[in-house]
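# Notes for the structure review
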Amino acid sequence: MSGKRKDNKGRVLKTGESQRKDLIYQYWYTNIHGKRQTVYSSDLKELREKEKTIQK
């Protein structure tokens, strides 16, 4: 039984999101050319705003 991925504060992380050991959040995605890209942020709310702009 696999659980949901959570950050150090217990918040559930979405697909592509993770938290590094130095407590920086990162979001992995594949751009239109098929290359993996990463966006970093120290705040989860700020990271999710960046995700919304990428998805547009």
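First things first, this report covers the structure right here in the doc. (Residues numbered from 1 in each chain as written. Predicted model: local features only at pLDDT ≥ 70, side-chain atom pairs only at ≥ 80, totals over all residues. Heavy atoms only, no water.)

This next bit is on the overall build of the chain. What the chain contains, in helices and strands, is one helix and three strands. Listing the helices and strands of the chain from first to last along the sequence gives β-β-β-α. If you line up the chain on its principal axes, its C-alpha atoms span 35 × 30 × 20 Å. A total of 56 residues make up the chain; the buried ones form 20% of that total. Summarising the internal contacts of the chain: among those between residues at least 6 apart in sequence, 17% fall at separations of at least 24. Averaged over its 15 positive side-chain charges, the chain has a centre that lies 5 Å from the centre of its 7 negative ones. (Helix = DSSP H or I, 4+ residues; strand = E, 2+ residues; numbered from the N terminus. Buried < 20%, exposed > 50% of the residue type's maximum accessible area, 1.4 Å probe, protein only. Contact = heavy atoms within 4.5 Å. Lys, Arg positive; Asp, Glu negative; His and termini not counted. Charge placed at Lys NZ, Arg CZ, Asp CG, Glu CD.)

The strand order S1-S2-S3 describes an open sheet built from three strands, whose pairing is antiparallel. Looking along the sheet, the strands with just one partner apiece sit at the ends: strand S1 (17-19) and strand S3 (36-41). Averaged over all pairs of adjacent strands, the angle between strand axes in this sheet comes to 25 degrees, irrespective of strand direction. Relative to S3, strand S2 (residues 25-30) runs antiparallel, the two sharing six bridges. In the strand pairing of S3, Tyr27 is matched with Val39. (Pairing = 2+ DSSP bridges. Axes fitted to C-alpha atoms, helices over the stretch in contact; angles between N-to-C directions.)

Counting residues in each nonpolar core, the largest one holds six residues, listed as Leu13, Tyr25, Tyr27, Val39, Leu44 and Leu47. Counting only elements with at least two residues in this core, the list comes to S2 and helix H1 (44-55). Here Leu47 is in contact with Glu17, Tyr25, Gln26, Tyr27, Val39, Tyr40 and Ser41, once residues within four sequence places are set aside. (Core = buried A, V, L, I, M, F, W, Y, C linked by side-chain atoms within 4.5 Å.)

On to the pattern of salt bridges, then. Applying the stated criterion to the full structure yields four salt bridges. Salt-bridge contacts for Glu17 lead to Arg48; the nearest nitrogen and oxygen are separated by 3.0 Å. With Glu17 in strand S1 and Arg48 in helix H1, this residue pair connects regions lying 31 residues apart in the sequence. Glu17 gets classed as buried once you look at its relative accessible area, which sits at 2%. Asp22 is the partner of Arg20 in a salt bridge, and the nearest nitrogen-oxygen pair spans 2.7 Å. (Salt bridge = Lys/Arg side-chain N within 4 Å of Asp/Glu carboxyl O.)

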